[in-house]
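Here's the letter readout for the chains.
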Amino acid sequence: MRELITTLANGQTFLANLPEVVLNIIFISLGAVVLTTVCAVLALVGVYMERKVSAHIQDRVGPMYVGGFHGWLQTAADALKLLLKEDIVPALADKKLHFFAPILVFGATLATFAVLPFGRHYVMSDMNIGILYILAISSLVVIGTILAGWASNNKWSLLGAMRSAAQVVSFEIPASLAILVIIMAVGSMNLGEIVNVQVGGIHKWLIWKFFPFNLLAFIIYFIATLAETNRAPFDLPEAESEIVAGFHTEYSGFKWAAFFLAEYANMFMVGVVGATLFLGGWSSPFGDFMNSGPFQIFWIFAKAFGLIFVQIWIRWTLPRVRVDQLMYTSWKVLTPFAFVAIIGVGFYMIL
Amino acid sequence: MSLFDVIFYLFAAFTLASAALMVVSKNIVHSAVGLLFSFFGVAGIYVLLAADFLAVVQVLVYVGGILILLLFGVMLTQRITSVDMRTGTLQLVPAILAVAGIFVILFRVIRTTSWNIVPEAEAQFIPTAEKIGYLLMTDFLIPFEIVSVLLLAALIGAAFIARKGT
């Protein structure tokens, strides 16, 4: 990003006459627009993928008509329908917060995209504490969820919001500890540097380093993020057989779509972070082969969607856990094992 | 006025306005949202002052931890959300005295501290996370460890109090 600005500013284009501040503002705005679009499109792809994968797992075919080939336009049509739907706000809801909550959830999810490395040069903000920034910003999603549940003035919504908050706060701990393992192994919180040590093929991926502790950390990270994104088997906040639809029971139309987009964008985000930390990020698994610019985008997307596929696969395979089982998983299984991984990696590094 | 000043005053105004919203609001959840924006304004000022690690930790701890805990507590407490809080002025004279006292103390501290100021021409961004990490593991190891023991004690104490009834 920074290189792009300086190149354009030094070039012979009309942009060279503009002051650097204006250029910065233009490019930051452009980047935000691009990321928002990418985020929305990814969510549509994610929803379509979920429908198709779940259909095939259950021996159905899923949407087949809209758009012709295997119903590929179905989710776009759904999104259009949601945009045109009436926006219903309950009479006793807190109108301001009811409006603000989906913005906060979607905005926070989008803000994490700013530091995701999609390639050596394809990153909006290559900040040196990128991974910590992602952890911090994604905690905003919880606040949005709580506000949504509270503002709806509905018992199901409030129950769902409280379940969600308890769940996300608990699972943030093993997820952060698993990320800490990688920060220890690399010695940097910069996502670009974390990928750089993994360039050069599948055998250099951090998941194999310090065997078996990094592998353990990856498994912990994957399970914890599954819970953080409210995916089955940890989808208690929106358990439809218990509390209708949880925190978004009272949402309709575009506001509901914002929650839905945020959920899938979040899945993609944890997929990219998981791939970046453990699976080599944008680097090719075959060393230098197919490791140039555009291929890097291909690799990161392939890895992230691979992880999303596993998430979907798990959702349609495992039944939902109970609340006590959920807390047991977080505090008595994942957290101690995460500490084991940290101590193990520490020993490896000292020896 | 340079761009730096403009951004600083924008963030300062944002922080103060949301802090005022927090104090004035009659609804406890609205106050929490005001607090959220206020934390963000402060984080923005940290970023502006090139304290990147502190800014992220501000969001991580205050927004991700304390504010969620606060909201959670509000929602678990019965009927607290529907109670209108009194926001009028009760004890005008003692309040003014207390606030004036705090203001004087803060003002004196700000004036007497020798700030580590870099001339604007030489100012450049240096990542702070690594330095803070080294300092915590060398010069400030004992305070760091004492704080962690204190937090652990608080955690055990909280669990003990919470379990007393059962």
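Worth saying up front: this structure is predicted, and the values here are computed from it rather than measured.

1. Considerations on helix H11 (residues 293-315) of chain A
Relative to the 33 Å expected for 23 residues at 1.5 Å per residue, H11 of chain A spans 34 Å between its end C-alpha atoms, a close match to the ideal helical length. Among the residues of H11 of chain A, Gln-296, Trp-299, Ile-300, Lys-303, Ala-304, Phe-305, Leu-307, Ile-308, Gln-311, Ile-312 and Ile-314 of chain A are the ones counted as buried.

2. Let's talk about the interface of chain B and chain A
Many authors give the size of an interface as the accessible area that is lost as the parts come together. Each partner contributes to the interface: chain B provides 25 residues, whereas chain A provides 24 residues. When the area that chain B buries against chain A is broken down by residue, the three leading residues are Val-56, Ile-68 and Met-75 of chain B, summing to 26%. Taken together, the connections running from chain B to chain A amount to zero salt bridges. Where chain B packs against chain A, one counts one residue pair in polar contact (both at pLDDT 80 or more). Every element with two or more residues in the side of chain B that touches chain A is listed here: helix H2 (28-48) and helix H3 (52-76) of chain B. A per-element tally of the side of chain B that touches chain A places H3 of chain B first, with 13 residues.

3. Remarks on the domain arrangement of chain A
Residues and elements named next belong to chain A. Segmenting chain A into domains produces domain 1 (1-84) and domain 2 (92-350). Between domain 1 and domain 2, the C-alpha centre-to-centre distance is 20 Å. On the domain 2 side, the residues contacting the 23 residues of domain 1 number 26 residues. Around 2,100 Å² of area is buried between domain 1 and domain 2 when both sides are counted, 82% of it from carbon and sulfur atoms. Counting across the domain 1 and domain 2 interface gives one salt bridge.

4. Some words on the pattern of salt bridges
Residues and elements named next belong to chain A. For the coordinates displayed, the defined rule picks out three salt bridges over all chains. A salt bridge links Asp-78 to Arg-51, with the nearest nitrogen and oxygen atoms 3.0 Å apart. Linking Asp-78 in helix H3 (residues 74-84) with Arg-51 in helix H2 (residues 20-57), this pair joins segments that are 27 residues apart in sequence. A residue is classified by how much of its surface remains accessible, and Arg-51, at 30% relative accessible area, is partly exposed. In this structure, the salt-bridge partner of Arg-322 is Asp-324, at a minimum N-O distance of 2.9 Å. Overall, the relative accessible area of 46% leaves Asp-324 in the partly exposed class.

5. Topic: the domain arrangement of chain B
Annotation of chain B at the domain level lists domain 1 (1-83) and domain 2 (126-166). Centre-to-centre, using C-alpha coordinates, domain 1 of chain B lies 23 Å away from domain 2 of chain B.

6. Focus on the confidence of the model for chain A
Here chain A averages 82 in pLDDT, and 94% of its residues register 70 or above. The lowest-confidence element of chain A is helix H1 (residues 2-10) of chain A, averaging 58 in pLDDT; the highest-confidence one is helix H8 (residues 213-228) of chain A, averaging 89.

7. A few points about H2 of chain B
End to end, H2 of chain B covers 30 Å across 21 residues, agreeing with the expected 30 Å (1.5 Å per residue, within 8%). Directly after H2 of chain B, the chain includes Ala-50 of chain B, whose backbone phi takes a positive value near 65°.

8. A closer look at the packing of aromatic side chains
Residue and element names in this part refer to chain A. Per the counting criterion, the structure on display carries 20 aromatic pairs over all chains. With 6.4 Å between their ring centres and 20° between their planes, Phe-118 and Phe-268 make a pair best called stacked. Here Phe-118 is found in the loop between helix H4 (95-112) and helix H5 (130-151), whereas its partner Phe-268 is found in helix H10 (residues 253-278), with 150 residues between them in sequence. Residue Phe-118 shares its accessibility class with Phe-268, and that shared class is buried. Consider the rings of Phe-118 and Phe-301, whose centres lie 5.8 Å apart with planes at 45°: the pair is tilted. With Phe-118 in the loop between H4 and H5 and Phe-301 in helix H11, the pair connects residues that are 183 residues apart, well separated along the chain. Note on Phe-301: relative accessible area 23%, which makes it partly exposed.

Rules used in this analysis
- Residues numbered from 1 in each chain as written.
- Chains lettered and ligands numbered in written order.
- Predicted model: local features only at pLDDT ≥ 70, side-chain atom pairs only at ≥ 80, totals over all residues.
- Heavy atoms only, no water.
- Helix = DSSP H or I, 4+ residues; strand = E, 2+ residues; numbered from the N terminus.
- Expected span 1.5 Å × (residues − 1).
- Buried < 20%, exposed > 50% of the residue type's maximum accessible area, 1.4 Å probe, protein only.
- Contact = heavy atoms within 4.5 Å.
- Buried area = accessible area lost by both parts, 1.4 Å probe.
- Salt bridge = Lys/Arg side-chain N within 4 Å of Asp/Glu carboxyl O.
- Polar contact = N/O pair within 3.5 Å; in protein donor to acceptor, adjacent residues only side chain to side chain.
- Domains from an automatic or database assignment.
- pLDDT = per-residue confidence, 0-100.
- Phe/Tyr/Trp six-rings, centres within 6.5 Å; stacked < 30°, edge-to-face > 60°.

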